[in-house]
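Take a look at the letters that make up each chain.
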Amino acid sequence: MTKNIINKIANNLCLSPKGILAADESTKTIKKRFDTINVESSFENRRSYRELLFTTENLNQFISGIILYDETIKQSTSDGIPFPEYLSKNGIIPGIKVDKGATPLTKDSEEKFTEGLDDLNERLNEYKTLGAEFTKWRAIINIDLEKNYPSAYCLESNAFMLARYAKTVQDNEMVPIVEPEVIMDGDHTIEDCFKVTSLTLKKTFEQLNLHQVNLSGILLKPNMVISGTNCKEQSSVEKVAKMTVQCLKDNIPEEVPGIVFLSGGQSNKNATLHLNEMNKLFKDLPWKLSFSYGRALQQPSISSWKGEENNVKNSQDALFNRSKLNSSATSGIYSPNDEQQVL
Ligand code: 13P
């Protein structure tokens, strides 16, 4: 019974032509985003901004679920409807980020290790009562060839945490999104990214199997295989698509219903182009390929909002348009010309 419930939620989250909006920025991260538009990161401004996103008309045509943050899941619309209730009533599944962020792996290391297992069960109970049906946990893997990063210790410990998290979430009848993010920063090549992403996914699935996680009741949220931000040679859209899909084929079991990419600092347009190319070139994949973007969906919205009531409609239009473009990319039918038409 539990298995059926979980599998149904996982399938609904990646139902074509929809993807997920990640609106789960921590208070520290949303402050950074608000700083770019000179808006104070107050409790009320954060609430207003999230209300703007969630009340975008007809967003449910393209967005299946929204990932919330601890503060946000407890906030309400200006009419007093709790956000998770508002989303469910409007055909969008509410989810919640449950990791507590990354901490140094060891005292002197620049590698990271994600925390949050200690009181996870109690928090999941609370989030479930508040209406969450799925969750997210992000592990961070850095590439630094000179320092030999990622270390085996970093990969193994993050994979263990992801799997223990996933098992605990499924025991609470919710869907875990498993997010091992190989970070784009650095001058590494796309081939380096391929190797590290392969190893990361291999270790993650070894641990998921060891923990007896039901793979048809998870979603994987990986990075795309891409050149480092400072790499002199930036790869073509086609190369990114082909190498990403090859890496997934090598490492992801067929039972996993959906792979929902993070955008990871790619431009809005590149995040859409890459997803589109994968769905255009590969029609016979065992899993759905979709998006769970934060920055690549929200950036135009936040820039046009600027914290002003008068700009709310334009900002909502920007989110609607970006969601529509990425929705087309889940079917491989996006064209860069569509950018002008919708904006
Ligand atoms: P980005 O799409 O901005 O990478 O955010 C996705 C996310 O949820 C990061 O954890």
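Nothing here was measured: the structure is a model prediction, and the numbers come from that model.

1. Re the overall build of the protein chain
Alright, step 1. Looking only at helices and strands, the protein chain has 13 helices and 10 strands in total.
Alright, step 2. Over its C-alpha atoms the protein chain spans a radius of gyration of 19 Å, differing by no more than 12% from the 20 Å that the globule rule assigns to 343 residues.
Alright, step 3. The principal-axis extent of the C-alpha atoms belonging to the protein chain is close to 50 × 45 × 45 Å.
Alright, step 4. For the protein chain, the residues scored as buried account for 57% of the 343 residues in total.
Alright, step 5. Considering only contacts in the protein chain between residues 6 or more positions apart, those separated by 24 or more positions represent 79%.
Alright, step 6. Averaging the positions of the 40 positive and the 45 negative side-chain charges in the protein chain gives two centres separated by 2 Å.

2. Some thoughts on the site of the ligand
Alright, step 1. Taken together, 13 residues sit near the ligand, with Lys136, Lys221, Ser263, Gly264 and Arg295 positioned nearest.
Alright, step 2. In the model, an oxygen atom of the ligand is placed 2.5 Å from a nitrogen or oxygen of the Lys136 side chain.
Alright, step 3. In the environment of the ligand, an oxygen atom lies 2.5 Å from a nitrogen or oxygen atom belonging to the side chain of Ser263.
Alright, step 4. About the coverage of the ligand: the protein hides 92% of its 300 Å² of free accessible area.
Alright, step 5. Looking at the shell around the ligand, the elements that each hand over two or more residues are β6 (134-141) and β10 (288-293).

3. A look at the packing of aromatic side chains
Alright, step 1. With the rule as written, the count across this model stands at seven aromatic pairs.
Alright, step 2. For the pair Phe62 and Phe320, a centre-to-centre distance of 5.2 Å together with 70° between the ring planes defines the contact as edge-to-face. Of this pair, Phe62 sits in the loop between α3 (43-54) and β2 (63-68) while Phe320 sits in helix α12 (residues 312-329), placing them 258 residues apart in sequence.
Alright, step 3. Phe62 sits in the buried class, given a relative accessible area of 8%.

4. Concerning helix α6 (residues 120-129)
Alright, step 1. Taken as a whole, α6 has its buried residues at Leu120, Arg123, Leu124 and Tyr127. Along the axis of α6, the buried residues cluster in a sector spanning 100°; they form a single face. In this structure, α6 carries Glu122 and Thr129 as exposed residues pointing more than 90 degrees from its buried face.
Alright, step 2. As for α6, its buried residues are in contact with α4 (70-73), β3 (93-97), β6 and α7 (152-171).
Alright, step 3. Following α6 by one or two positions, Gly131 adopts a phi angle in the positive range, close to 115°.

5. A short note on the side chain of Ser227
Alright, step 1. Residue position: Ser227 is located in the loop between β8 (219-220) and α9 (237-251).
Alright, step 2. A distance of 3.2 Å separates a polar side-chain atom of Ser227 from the backbone oxygen of Glu233.
Alright, step 3. Polar side-chain contacts of Ser227 include one of 3.0 Å to the side chain of Ser235.
Alright, step 4. With residues up to four places along the chain from it excluded, the contact list for Ser227 reads His188, Thr189, Ile190, Glu233, Gln234 and Ser235.

6. Brief notes about the environment of Ala163
Alright, step 1. With respect to the secondary-structure elements, Ala163 resides in helix α7.
Alright, step 2. Through-space distance from the C-alpha of Ala163 to that of Asp144 is 25 Å; in sequence the pair is 19 residues apart.

7. Considering the nonpolar core
Generally speaking, nonpolar side chains in soluble globular proteins are found buried as a group.
Alright, step 1. Counting residues in hydrophobic clusters, the biggest one holds 86 residues, and the most contacted among them are Ile63, Ile66, Leu208, Ile252, Phe261, Leu289 and Tyr293.
Alright, step 2. The biggest single contributor to this core is α7, with eight residues.
Alright, step 3. Those residues within four positions of Leu208 in sequence are excluded, and the remaining contacts are Ala163, Ala166, Val178, Val213, Leu215 and Ile218.
Alright, step 4. Ile6, Cys14, Ile20 and Ile93 belong to the second largest nonpolar core, which has 14 residues in total.

Reading guide: rules and limits
- All residue numbers refer to position in the chain's written sequence, counted from 1.
- This being a predicted model, a pLDDT of at least 70 is required before a residue's local features are given, and a value of 80 or more before pairs of side-chain atoms are given or counted; all residues contribute to the totals for chains, interfaces and linings.
- Excluding hydrogens and water, the side-chain values take into account all heavy atoms of the structure.
- Counting from the N terminus, the helices are DSSP H or I runs at least four residues long and the strands are E runs at least two residues long.
- Here the radius of gyration uses the C-alpha set of atoms, whereas the globule reference equals 2.2 Å times the residue count to the power 0.38.
- We call a residue buried when its accessible area falls under 20% of the maximum for its residue type, exposed when it is over 50%, and partly exposed in between, using a 1.4 Å probe and counting protein chains only.
- Pairs of residues are marked as contacts when any of their non-hydrogen atoms sit within 4.5 Å.
- We score Asp and Glu as negative and Lys and Arg as positive, and we do not count His or the chain ends.
- Here the site of a charge means atom NZ of a Lys, CZ of an Arg, CG of an Asp or CD of a Glu.
- Only heavy atoms are used to decide nearness, and a residue is near a molecule or strand if one of them lies within 4 Å of it.
- Distance and chemistry together define a polar contact, namely a pair of N or O atoms within 3.5 Å, with one atom able to donate a hydrogen and the other to accept it when in protein, and with adjacent residues in sequence counting only for side-chain atoms on both sides.
- All accessibility values rest on the Shrake-Rupley procedure with a 1.4 Å probe; residue burial counts only the protein chains present in the view.
- Stacked, tilted and edge-to-face are the three classes assigned to paired rings of Phe, Tyr and Trp, where Trp is represented by its six-membered ring and a pair needs centres within 6.5 Å; plane angles under 30 degrees give stacked, over 60 edge-to-face, the rest tilted.
- Directions drawn from the helix axis to the C-beta atoms are what define this arc.
- Within this scheme, the nonpolar core is defined by two criteria: the residues are buried Ala, Val, Leu, Ile, Met, Phe, Trp, Tyr or Cys, and they are joined through side-chain atoms within 4.5 Å.

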